[in-house]
Structures are given as C-alpha cells and as structure tokens.
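# Analysis of the macromolecular model
These are the residues of each chain, in order.
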Amino acid sequence: MALETDYVVIGSGVAGLRAAIGLARSGAAVSVLTKDRANESNTEYAQGGVAVVLSDDDNAELHEDDTLVAGAGLCDSRAVEVLVNEGTGYIKELIDWGTEFDREGGKLVFTREAAHSRRRILHAHGDSTGAEFVRSLTARAAVERSINLTPFANTESLIVRDGRCVGVRFLDPILRAPREIFARGVILCTGGAGQLFQHTTNPSVATGDGMAMAYFAGADLADMEFVQFHPTALDLAGAPRFLLSEAMRGEGGKLRNKYGERFMSLYDERLELAPRDIVSRSIVAEMRRTGTRNVFLDMTELDGEFLKGRFPKIYETCMHFGLDISRDALPVSPASHYCMGGIRTDLWGRTTVPGLYAAGEVTCTGVHGANRLASNSLLEGLVFGARSADAALSDESAAPAATSASTADRRGKSAGSISVAVKKRVKRVMWERVGILRDRSSLERAIAEFDQILTGRLDQASRNFVTLGRLVAAGAIWREESRGGHFRLDFPDQHEEFRVHSIQRLDTPIASASQIAF
Ligand code: FAD
Ligand code: SIN
C-alpha cells in the first residue's frame, strides 16, 4: 500500500537533516528516507572543517572574493552572497544546538586551507567535523516528533504527475519490496557522485542517485563536467583511499616526490596551498615525470604531540595501516572528491520541476562555479537545506499528498543496488577516460562504452549510474576549454565564450545558461 506524508526528504547528511528540521518546525509531517545507516554519508567523513566568517580579522566580502576566485569565473555571485552572509547565522544556530567546535581558552579556533585568504575554518574533534555535524543535527532532529527517519530505504525514482513531483518510489526495508510515498513536496539531499570514479574519497553511498532521478523526472542538471579531485588521498596497497585533509598542508605539511624533493615550486608559486585542481594536476605531472604511482605528504617537521591532537582520526587511521604521521612520509595520490555540478536550483532550492526541491552536494546552486573552495560545502548544505525547507513550506500551489496517482511509469526493474559488474566497469572508464586529464578522443570512447552498456537489460539503479557517467562525459566533451576542475588536454586554456553553464535535460541537446538560478 502506498504511503502519504506532508514532505519527503531523501538523504540524511547535513542538507537532509537541516531541511527536515526546518520542515518539522512548522508542524508538518516529514519522512526522511535514507539509503544506509542514518549516519552514512559524505557529511559523516568531512574532516577539515567548515568555512565561516566569525573571526575578528575576517568579513563576508573576503569570503565571497575567495569563493569567486576558486570558482574560476563561473560562480553565481547572488548564490555566493547568500552563502557567506547567511552562513554565519546558521553556524551560530548549530552551536546553539550543541555542536562542539574546537576551542582554545574558550575561544573558537580557526584553521587555514588552500585558497582561503584568512584562517576561517572551524573544526571539531580535530579532524572529525562532519561526524560532529551529524551527531548534533541528528540529536536536534530527534527533538522534532514529526520527523520519521527510515534507514536502508533506497530511493530509485520520483513520481511526476502533470509536470509536478508528487512522491517517490523506494525499497521498503521491512517489506523488502518497492513502495510509493506521496507528498506535497520532495527535497532531494542525496549528496554527490564520487563513486563514479575508481579512486574516490567518498563512501559507497555517494553514487549520485538523486541527480539521475531528477534527470529522469525532467529536471535540468548543470555543470556536470566539473568534478573536484582531492590531491591527497592515502595511496597504500590494502588500505581504503582515506582522505588526508587539506588542513594538514594548511598546518605546514609538504609534498615530496620519490627522491624526497619538494616539487610544487615547479608548478605553482602558491606551492602546497595552490587551489586543489592545480595541486592534483601537479601531482599527476610529477608522478609521470618521476615514473611513480604516488607522491608523499610529509608532516615530519611538525611536532608529534601537536599532530596527534590536531588530527586524531588521521593519526589513528594511518597508525592502523602501519604509518606514523609524525615520522613517516605518507604515500598519496589524487582521488575524486566532490561534484560541483548537479541538479540546477534557484536560490531557494527549487528545481525546474515544480514540487521537487534539492539541497547540498546533489545540487548546482552556482555557489561553487568550476571549482569549490575547500570547506564551503558543509556550509552550503546548512544554508540551502534550510532555504529549501522554507521554499517547500511556502509553496501555495502544493496540493496535499494523494495516493491516487498511477504508478505506470517505472523505467527499469527495481533491484535496489547497482550491479557489481556495471559499477566496476563504469568506475574504470570514468577514471581512465573522464578523469583528471581529459580529451575528445578519451571522452568519446567513454560515451561509446556507456551507450553500449545502456543498450543492455539494466535494473533502475544501474541505469541511473551509467546515465550519470554519460552525463559527466557529455558535459566534458561539450566544454572545449579548461576551467577549474575540468581540464582538457586538447583545449588547455580558458575561453570567454565558455564562461557559461552547461545545462542537460532529458531528450534535449546540451544548452548553455549565463546563470544557474532561473
Ligand atoms: P551527504 O552528506 O553525502 O548525504 C547524502 C545522503 O543521501 C546520505 O544519507 C545517503 O545515504 C543518502 N542517499 C544517497 N542516495 C540515496 C538514495 N538513492 N536513496 C536514499 N538515500 C540516499 N566539505 C566541507 O565543507 N568540509 C570538509 O572538511 C569536508 N571534508 C570532506 C571529507 C571527505 C572524506 C569527503 C568525502 C567530503 C568532504 N567534504 C567536506 C564534502 C562534504 O562532506 C559534502 O559535500 C557534504 O557533506 C554533502 O552533504 P549532503 O548532505 O549534500 O550529502
Ligand atoms: C579536507 O579536509 O581536505 C576536505 C575539505 C573539503 O573537501 O572541503
């Protein structure tokens, strides 16, 4: 039997939890559906911290400028203004709700990360900022009696009637069968798609499902070609690609090649604190120059006790794999980390499909442009999670949930999870042909391979995943320039005519737009 509620939120990371709290404070009934355990999300693993204007020597204009510079000409300045101006209030609210950021002598401590002109990054438990966000937001959500959170409820498609999103289809974890839930509004907070790539810092839930669901429901996706590769993921046989936070370089960590030489001066005068895309490409160039599969992050000049206190999670994890960060050079190489592209939204999280809202990494709000400034995404999830809830609540055209809609338009057989063989193949193709360095021929070969997979019989989750890879590759072919996270070997320069956003919509050729908000 189908279910009814006032609002459905999909995902329980920072964006989903903040959206759900916003909706529930109005008294509305909110169903949060989430794919895995409630705390399994990119948010849970966020290390470095959250960028926010709170220190005495900082101001919103400086944060805005740094964000715009990182975005390489493609940020929407209105979206950035919303982020930096409203972000401070939402962080204060989070502190009021019990979030414990690190302090010294009672005062908040700020760290520095690449491309920030000020020390403006708040962190928690040293390097476990995301887990503290999840802990405090989950505790706050538990106070709201009208939030009903269902873990292990994988959502595969959206229900659209007469052009309006009226509900979602998910796998009921108790019935172990597909089920529908209808609502006045649906907020997608399903996070990013780092799992598209063979090497990633993202957990297994980050398969970009929300982007694919929105695409099949007719929503615009924007800037799918922009993927951020983090320069320093642990690269050790038998270990996961665990992130070694940028804050480690912010605190003085050095990058060295296999000869123990610092090499960043060959590539950028900002050395280890150059923007992420530059550091990642420099590492790739250095690995090729020296014929190795990794470089090293060297923290050994820093005091061991300081490192243990500042990066406890990283210290403990590396120790588990036999590396003492205060003594050993740490083998690292780049891995996919963050999607700048996603579901196109206005400044209130509205997508181009009425009744469907989105917030967090699943979106393209215009905040990040071609490259995200480090530690801006937890802030984005908070600000736009809250805003999307406000927008959904104020939508006067929303009809109460009704279960009468037909369910005839299921696109693929439901299987719950992506086929192992399909996932492996897509990840390899994405890494080898749609990765840090791209060109037309590699991208065309990727598209041909995806088209071939799509002609086969696929369950819906697998179809979503392959389609998403194809969308990234298609955007990357379309953008004949290099900008931010997107680097084309055959078009290494930035071109003014491409200072526009790519827009992809089902059954429509790629279009461009001068701004994200519509
Ligand atoms: P997520 O936190 O990823 O949550 C998505 C939710 O959707 C999850 O609960 C997931 O299970 C659920 N979901 C997904 N698909 C489905 C489906 N089909 N059905 C139902 N539920 C679904 N950013 C910073 O600002 N600062 C940092 O220090 C930082 N460090 C990072 C470190 C790591 C290792 C990683 C991976 C990312 C880091 N980021 C950081 C990025 C940041 O963590 C994310 O961009 C942000 O947390 C995304 O929040 P979100 O709520 O949009 O998505
Ligand atoms: C990190 O700690 O390096 C990740 C920060 C981010 O992705 O914003």
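As the structure is a computational prediction, the values presented were derived from the model and not from experiment.

This part covers the overall build of the chain. Scanning the chain for helices and strands turns up 14 helices and 23 strands. The globule rule puts the C-alpha radius of gyration for 518 residues at 24 Å, and the 22 Å found for the chain is close to it. The principal-axis extent of the C-alpha atoms belonging to the chain is close to 65 × 55 × 45 Å. Split into buried and exposed, the 518 residues of the chain put 63% on the buried side.

With that settled, the discussion passes to the site of ligand 1. Of all residues adjacent to ligand 1, which total 39 residues, the nearest are Thr 43, Gly 49, Asp 209, Glu 361 and Ser 377. Take Lys 35: an N or O atom from its main chain is 3.0 Å from a nitrogen atom of ligand 1. In isolation ligand 1 exposes 1,000 Å². Once the protein is present, 98% of that is buried. Contributing elements (two or more residues each) for the shell around ligand 1: α1 (14-24), α2 (42-45), α6 (209-216), β18 (330-339) and α11 (377-393). With 3 residues, the top contributor of residues to the shell around ligand 1 is α2. Considering only residue class, the shell around ligand 1 consists of 13 nonpolar, 21 polar and 5 charged.

Spatially, 5 strands are ordered β9-β3-β2-β13-β20 in an open sheet, and the strand pairing comes out parallel. Two strands lie at the open edges of the sheet, namely β9 (147-150) and β20 (356-358), each paired on one side alone. If you compare each strand with its neighbour and ignore which way they point, the axes differ by 20° on average. Note: strand β13 (residues 185-188) against β20, 3 bridges, orientation parallel. The residue of β20 that forms the bridge with Val 186 is Leu 356.

Further remarks concern helix α14 (residues 460-478). Along an α-helix, residues three or four apart share an orientation, since each turn contains 3.6 residues. The end-to-end C-alpha separation of α14 is 26 Å, in line with the 27 Å expected for 19 residues at 1.5 Å each. Between the side-chain oxygen of the N-cap and the backbone nitrogen of Ala 461 there are 3.2 Å, and the N-cap of α14 in question is Asp 459.

Now for the site of ligand 2. Around ligand 2 sit Gln 47, Gly 48, His 230, Leu 243, Ser 245, Glu 246, Arg 276, His 337, Arg 372, Ala 374 and Ser 375, and those are all the residues in its vicinity. Within the contact set of ligand 2, an oxygen atom lies 3.0 Å away from a side-chain nitrogen or oxygen of Arg 276. When the free accessible area of ligand 2 is taken as 260 Å², the share hidden by the protein chains comes to 93%. Grouping the constituent residues of the shell around ligand 2 by class yields 2 nonpolar, 6 polar and 3 charged.

On to the layout of surface pockets. Looking at the second largest pocket, its volume works out to about 440 Å³. In this structure, the second largest pocket is lined by 19 residues; those nearest its centre are Val 284, Met 287, Arg 288, Trp 431 and Ile 436. Elements with a contribution of two residues or more to the lining of the second largest pocket: α8 (276-290), β18 and α12 (420-433). Among the elements that line the lining of the second largest pocket, the one with the most residues is α8, at 3 residues. Of the residues in the lining of the second largest pocket, the class split is 7 nonpolar, 5 polar and 7 charged.

This paragraph deals with the state of the cysteines. All chains considered together, the criterion is met by 0 disulfides. Unpaired in terms of disulfides, Cys 339 finds its nearest cysteine sulfur in Cys 364, a separation of 11 Å. By relative accessible area, which is 9% here, Cys 339 ends up buried.

Core analysis: the largest hydrophobic core is formed by 85 residues, its most contacted members being Leu 158, Leu 188, Leu 196, Leu 244, Met 248 and Val 426. It is α14 that contributes the most residues to this core, 10 residues altogether. Each residue touching Leu 196, except ones within four places of it in the same chain, is listed here: Val 426, Lys 427, Met 430, Phe 465, Leu 468, Gly 469 and Val 472. Of all hydrophobic cores here, the second largest spans 47 residues; its members include Val 30, Val 50, Tyr 90 and Phe 101.

Side-chain pairs of opposite charge can arise where the charged atoms are in close proximity. Scanning the model with the defined rule gives 43 salt bridges in all. In this structure, the salt-bridge partner of Arg 249 is Glu 246, at a minimum N-O distance of 3.5 Å. Here the residue Arg 249 and the residue Glu 246 both occupy positions in helix α7 (residues 246-250), the gap between them amounting to 3 residues, near one helical turn. According to the relative accessible area criterion, Arg 249 is buried, its value standing at 2%. Salt-bridge contacts for Glu 496 lead to Arg 499; the nearest nitrogen and oxygen are separated by 3.1 Å. Judged by relative accessible area, which is 42%, Arg 499 ranks as partly exposed. What emerges from the salt-bridge pattern is a single network uniting Asp 223, Glu 225, Arg 479, Glu 481 and Arg 483.

Attention now moves to the environment of Leu 23. Relative to the elements of secondary structure, Leu 23 occurs in helix α1. Expressed as a C-alpha distance, the spacing of Leu 23 and Ala 392, which sit 369 residues apart in the sequence, is 8.1 Å. Once residues lying within four places of it in the same chain are set aside, the contact partners of Leu 23 are Tyr 7, Val 9, Ala 28, Val 30, Ile 187, Ala 389, Ala 392 and Leu 393.

Time to look at the confidence of the model for the chain. Across the chain, the average pLDDT comes to 96, with 98% of residues at or above 70. Here residues 406-410 is modelled with pLDDT under 50, and outside its nearest four sequence neighbours on either side it reaches 10 contacts, counting other chains as well.

Here the focus is α1. Among the 11 residues in α1, 11 count as buried, and that is most of the element. When we look at burial in α1, the residues that qualify are Val 14, Ala 15, Gly 16, Leu 17, Arg 18, Ala 19, Ala 20, Ile 21, Gly 22, Leu 23 and Ala 24.

The rules we used
- Residues numbered from 1 in each chain as written.
- Chains lettered and ligands numbered in written order.
- Predicted model: local features only at pLDDT ≥ 70, side-chain atom pairs only at ≥ 80, totals over all residues.
- Heavy atoms only, no water.
- Helix = DSSP H or I, 4+ residues; strand = E, 2+ residues; numbered from the N terminus.
- Rg over C-alpha atoms; globule rule 2.2 N^0.38 Å.
- Buried < 20%, exposed > 50% of the residue type's maximum accessible area, 1.4 Å probe, protein only.
- Near = heavy atom within 4 Å.
- Polar contact = N/O pair within 3.5 Å; in protein donor to acceptor, adjacent residues only side chain to side chain.
- Areas by Shrake-Rupley, 256 points an atom, 1.4 Å probe, with all protein chains shown as cover.
- Nonpolar A, V, L, I, M, F, W, Y, C, P; charged D, E, K, R; others polar.
- Pairing = 2+ DSSP bridges.
- Axes fitted to C-alpha atoms, helices over the stretch in contact; angles between N-to-C directions.
- Expected span 1.5 Å × (residues − 1).
- 1 Å grid on protein atoms, 1.4 Å probe; cavity = no way out; pocket = protein on both sides within 12 Å on 5 of 7 lines; lining within 4 Å.
- Points joined across faces, edges and corners; volume = space filled by probe spheres on them.
- Disulfide = S-S within 2.5 Å.
- Core = buried A, V, L, I, M, F, W, Y, C linked by side-chain atoms within 4.5 Å.
- Contact = heavy atoms within 4.5 Å.
- Salt bridge = Lys/Arg side-chain N within 4 Å of Asp/Glu carboxyl O.
- pLDDT = per-residue confidence, 0-100.

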